[in-house]
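Residues per chain, in single letters:
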Amino acid sequence: MLGATGSIGSSTLDLIAQHPDKFSLYAVTAFSNVEKLAKIVKAFSPPYAVVRDLESKQQLQGLLGAQASQILVGEEGLCEVASAPDVDMVMAAIVGAAGLAPCWAAAQAGKFILLANKETLVTAGGLFMRAVQHSGGVLLPIDSEHNAIFQCMPHDFNASLVASGIRKIHLTASGGPFRRATLAELQNVTPEQAVAHPNWSMGQKISVDSASMMNKGLELIEACWLFSCDASDIDIVVHPQSVIHSMVEYIDGSVLAQLGNPDMRTPIAHAMAWPQRITADVAPLSLIDIARLDFEAPDYQRFPCLRLAREAAEQRGYSSVYMNAANEVAVQAFLERRLSFLGIANLIERVMSRADRGEPCDIHAVKEADFTARRLAEEDL
Ligand code: NAD
Ligand code: MG
């Protein structure tokens, strides 16, 4: 469980606790929240825990006392547990490009990967998909939209959209907390307003991404890699109730949708049990209570991150790496009140314009480009 202390981490641990006969935890990882990790270790007794550095390790040892988990540190520790021979399944729920190295290790080791960390596909999609295929691994999407699309598709991982009779993918978006805001209002929004998502409770970074709609942009690129298609095969539709999690349109006119309450335990349970089903303790969907489902076109003017992500989805390669890195720096700066909300897209656009054309040839090149783009973004602030 990479990123055990996060929002996806909590939902996953809840499911593991519900099904102790089916799953047992091998390792849990955290970055800064050592106290929360200590509570998780006490509750689940995994053989391994991974923390940021030696200082955090000492802190965790102090909190755990005689508890017998072995504590590893840093990226090396993350990669070690993600590829350990005793591990069948890896939940990849670290936020940001920091999740890339352990995801890569899991892919190379042929693991059954449950991928929440969309930034891995955005930055290294081509390399990552090939690594999974090469090693005989399996990749199942946790992102609710991609999990929905997967559920609406025939489960032949290698078939193209055309071969499956699919005409279009409809990626739904809630529109975030600023769906109705004018450009003038967007100028002055605060981090507190941005992280208050109307339907989903999530980590801070993805909440800001949802407010800027960069989250949908990242998901567009994620979908292109997962389902081997082009950005032009995917339409984005704003659906404020977040009940339909996405749709697949077939050439005979059929449109299949996956519906459910906005609770991440549904896609996580689906992927953990696939191809079976398990209970998730999610409230049943009441269509009568919901009463109506609305749809609208996305506004590329008020949400320029969508336009930038479409460009990156068409160019892929370094453009996507630069876009993602600049976004991570911009979101952090916005949360620290060093950048305005509308400044996020402007910064990304300037950094993206500096990206080379083409694809990084290996994971090292991805990391280097990520590093360079972060430096350019920091200098630009
Ligand atoms: P979060 O901020 O709640 O948790 C992030 C986790 O990553 C924490 O456990 C943290 O310790 C760890 N982490 C952060 N920085 C790290 C670093 N540098 N090195 C190692 N570990 C680090 O985030 P979240 O909302 O759970 O999201 C996790 C991932 O899942 C993101 O990529 C997000 O886009 C994706 N996702 C989340 C949701 C959701 O509902 N929360 C839905 C779809 C996709
Ligand atoms: Mg999503």
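Residues numbered from 1 in each chain as written. Chains lettered and ligands numbered in written order. Predicted model: local features only at pLDDT ≥ 70, side-chain atom pairs only at ≥ 80, totals over all residues. Heavy atoms only, no water.

1. Here's the deal with the site of ligand 1
The condition is simple: Here a residue is considered near a molecule or strand provided that any single heavy atom belonging to it is located within 4 Å of it. What qualifies as a polar contact is a pair of N or O atoms within 3.5 Å, subject to a donor-acceptor requirement within protein and to the restriction that residues adjacent in sequence count only when both atoms come from side chains. Only the protein chains shown count as cover for residues, with accessible areas throughout obtained via the Shrake-Rupley method and a probe of 1.4 Å. Only Asp, Glu, Lys and Arg are considered charged in this grouping, and only Ala, Val, Leu, Ile, Met, Phe, Trp, Tyr, Cys and Pro are considered nonpolar; every other residue, Gly among them, is considered polar. Segment limits for the domains were obtained from an automatic or database-derived domain assignment.
Around ligand 1 lies a shell of 21 residues, among which Thr5, Ser7, Ile8, Glu119 and Gly203 are the nearest. With respect to ligand 1, the backbone of Gly3 contributes an N or O atom lying 3.3 Å from an oxygen atom. Measuring from an oxygen atom of ligand 1, one finds a backbone N or O atom of Ile8 at 2.9 Å. Across the complex, the protein chains shield 86% of the 830 Å² of accessible surface that ligand 1 would expose by itself. A per-class count over the shell around ligand 1 returns twelve nonpolar, six polar and three charged. Mapped onto the domain boundaries, the shell around ligand 1 takes at least three residues apiece from domain 1 (7-142) and domain 2 (150-313).

2. A few points about the coordination of the magnesium ion (ligand 2)
What counts, and what does not: Metal donors: N, O and S atoms at distances within 2.8 Å, or within 3.2 Å for Na, K and Ca, with water omitted from the atom set so that some sites may seem incomplete. Helix and strand assignments come from DSSP, with helices taken as H or I runs of at least 4 residues and strands as E runs of at least 2, each series counted from the N terminus. For every residue, the accessible area obtained with a 1.4 Å probe (protein chains only) is divided by the maximum for its type, and the residue is called buried under 20%, exposed over 50%, and partly exposed between those limits.
Taken together, Asp143 (OD), Glu145 (OE) and Glu219 (OE) make up the full set of protein donors to the magnesium ion (ligand 2), lying 2.1 Å away. Taken in chain order, the donor set of the magnesium ion (ligand 2) reads D-x1-E-x73-E. Separated by 74 residues along the polypeptide, Glu145 in helix H7 (residues 144-151) and Glu219 in helix H11 (residues 214-226) bring together distant segments of the chain. Exposure class is identical for Glu145 and Glu219. Each is buried.

3. Quick word on the sheet that holds strand S2 (residues 48-51)
The condition is simple: At least two bridges found by DSSP between two strands is the condition for calling them paired. A fitted line through C-alpha atoms represents every axis, and for helices the fit uses only the stretch in contact; the resulting angles, taken between N-to-C directions, go from 0 to 180 degrees.
Pairing is parallel across the open sheet formed by three strands, whose spatial order is S1-S2-S3. A single partner strand is all that each edge strand has here, and the edge strands are strand S1 (27-29) and strand S3 (70-73). Recorded for the sheet is a direction-independent mean angle of 25 degrees between the axes of neighbouring strands.

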